[in-house]
Amino acid sequence: MFSLKNKKAVVTGGGSGIGRAIATLFAKQGAEVHIIDLTIESAKEALDEILNSGGKAFSYACNVANQEEVVATFEKIGNINILINNAGIAHVGKVDTTPAVDFDRVMDVNVKGVYNCLFAAIPQFRLSNGGVIINMASIAAWVGIPDRFAYSTAKGAVMAMTLSVAKDYIGENIRCNSISPARVHTPFVDGFISKNYAGKEAEMFEKLSQSQPIGRMGKPDEIAALALYLCSDEAGFITGCDYPIDGGFIKLNN
Ligand SMILES: NC(=O)c1ccc[n+]([C@@H]2O[C@H](COP(=O)([O-])OP(=O)(O)OC[C@H]3O[C@@H](n4cnc5c(N)ncnc54)[C@H](O)[C@@H]3O)[C@@H](O)[C@H]2O)c1
């Protein structure tokens, strides 16, 4: 079960955190993995990990917010079977403390970046007679996280894009789903804690862990396992769905 043999998978933001866990698991399951990240350096550790364990992988320096770069990269990769739209950035702020420049930056990466990759990937899926897309959303899209206005807005758009694409391409044998993690322990979380809560890192880490009723953050490997299932042939009946993976965050809080 869950073999990805003979599948070509693109993972955006595959150099770190959740994307890295997905890239390495998919390679282990037999996929040829194409990692897109901001720089060759930021993809290097993930690429080396796959190559050193006998997997097949390639990396590309590409900013998902730049459509020309994205289209050129997907043309280079060619026919694909799987797209994981995972690259994303964090932001802390309420609506009145989110300057336009920050709002635009979050939209450029977290919304336009997803659109750009979908736009560039569809012609490559057609060459494979279909395939599977996973968009990385967030529980922020379901419940809105306090002090995450731009981020929650962007993830709401990712969920809506998932439905739109699932409908528009169902006749072309393309399935499209999203995953909505609660807090997962990755450099993304460590980065925004140290940037926004300097001096209170340990306290903030504990607070963020306890905000999942299960009492801890998720692990990147746990998200990767769900992505693997959704991209496998075994999940062939699943499209147009969002999958919370959240330690009880959405349904068990309060
Ligand atoms: N970690 C969490 O708690 C959490 C929870 C819910 C959703 N998510 C989502 O999961 C995804 C991955 O998060 P993570 O925690 O693994 O993050 P991370 O910061 O560990 O990794 C993100 C990767 O994306 C790359 N990236 C960023 N901007 C890019 C761009 N413009 N073009 C190409 N690559 C770019 C980074 O270089 C990095 O390698 C994001 O979309 C995030 O919003 C994360």
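Just so we're clear, the structure is a prediction, and the values are computed from it rather than from any experiment.

Rules used in this analysis
Residues numbered from 1 in each chain as written. Predicted model: local features only at pLDDT ≥ 70, side-chain atom pairs only at ≥ 80, totals over all residues. Heavy atoms only, no water. Helix = DSSP H or I, 4+ residues; strand = E, 2+ residues; numbered from the N terminus. Rg over C-alpha atoms; globule rule 2.2 N^0.38 Å. Buried < 20%, exposed > 50% of the residue type's maximum accessible area, 1.4 Å probe, protein only. Areas by Shrake-Rupley, 256 points an atom, 1.4 Å probe, with all protein chains shown as cover. Lys, Arg positive; Asp, Glu negative; His and termini not counted. Charge placed at Lys NZ, Arg CZ, Asp CG, Glu CD. Near = heavy atom within 4 Å. Polar contact = N/O pair within 3.5 Å; in protein donor to acceptor, adjacent residues only side chain to side chain. Nonpolar A, V, L, I, M, F, W, Y, C, P; charged D, E, K, R; others polar. Domains from an automatic or database assignment. Salt bridge = Lys/Arg side-chain N within 4 Å of Asp/Glu carboxyl O. Pairing = 2+ DSSP bridges. Axes fitted to C-alpha atoms, helices over the stretch in contact; angles between N-to-C directions. Expected span 1.5 Å × (residues − 1).

Got a minute to help me understand the overall build of the chain in this structure?
Assigned secondary structure in the chain consists of 10 helices and seven strands. Computed over C-alpha atoms, the radius of gyration of the chain comes to 17 Å, within 12% of the 18 Å expected from 2.2 N^0.38 for 254 residues, which places it in the range of a compact globule. In terms of overall dimensions, the chain has a C-alpha envelope of 50 × 35 × 35 Å along the principal axes. Looking at the chain as a whole, 52% of its 254 residues are labelled buried. Accessible surface for the chain amounts to roughly 11,800 Å². Of this, 56% is attributable to carbon and sulfur atoms. Once the 23 positive and 26 negative side-chain charges of the chain are each reduced to a mean point, those two points are 3 Å apart.

Mind showing me how you'd approach the site of the ligand here?
Every one of the 28 residues lining the ligand counts as a neighbour, but Ser 16, Asp 37, Tyr 151, Val 184 and Thr 186 are closest to it. Lys 155 is positioned such that a nitrogen or oxygen atom in its side chain is 3.0 Å from an oxygen atom of the ligand. Protein burial of the ligand: of its 830 Å² of free accessible surface, 92% is covered by the chains. Those elements that provide at least two residues to the shell around the ligand are α1 (17–28), α6 (149–169) and α7 (187–196). Element by element, the count of residues in the shell around the ligand is highest for α7, at three residues. The residue inventory of the shell around the ligand, partitioned by class, reads 16 nonpolar, nine polar and three charged. The residues that make up the shell around the ligand include at least three from each of domain 1 (8–181 + 219–243) and domain 2 (186–217).

Which parts of the structure should I look at to understand the pattern of salt bridges?
Side chains that carry opposite charge are capable of pairing whenever their charged atoms lie near each other. In the structure shown here, the tally under the stated rule is nine salt bridges. Between Arg 20 and Glu 49 there is a salt bridge, with the nearest N and O atoms lying 2.8 Å from each other. Here Arg 20, found in helix α1, pairs with Glu 49, found in helix α2 (residues 40–52); they are 29 residues apart in sequence, far enough to count as distant.

Is there a simple way to explain the sheet that holds strand β7 (residues 242–245) in this structure?
Strand-to-strand pairing in sheets goes through backbone hydrogen bonds, with the strands running parallel or antiparallel. Ordered in space as β3-β2-β1-β4-β5-β6-β7, the seven strands form an open sheet in which the pairing is parallel. A strand with exactly one partner marks an edge of an open sheet, and here the two such strands are β3 (56–61) and β7. In this sheet, adjacent strand axes meet at a mean angle of 15° when their direction is disregarded. The pairing of strand β1 (residues 8–12) with strand β2 (residues 32–37) spans five bridges and is classified as parallel. Each residue of the ladder has a partner; that of Thr 12, found in β2, is Ile 36.

Looking at this structure, I do not really get the environment of Tyr 169. What am I missing?
Within the secondary structure, Tyr 169 is located in helix α6. Taking the C-alpha atoms as reference points, Tyr 169 and Lys 219, separated by 50 residues in sequence, lie 32 Å from one another.

Help me out: how do you make sense of α1 in this one?
Since the α-helix turns once every 3.6 residues, residues separated by three or four places project in the same direction. Relative to the 16 Å expected for 12 residues at 1.5 Å per residue, α1 spans 17 Å between its end C-alpha atoms, a close match to the ideal helical length. Counting buried residues along α1, 10 of its 12 residues qualify, which places the element largely inside the surrounding structure. When we look at burial in α1, the residues that qualify are Gly 17, Ile 18, Gly 19, Ala 21, Ile 22, Ala 23, Thr 24, Leu 25, Phe 26 and Ala 27. Looking one or two places after α1, you find Gly 30, whose phi comes out positive at around 105°.

Got a minute to help me understand unusual backbone geometry in this structure?
Trans is the prevailing form of peptide bonds, just as negative phi is the prevailing case for residues other than glycine. The phi dihedral of Asn 6 is positive, around 65°, even though this residue is not glycine. By the element assignment, Asn 6 lies in the segment before β1.

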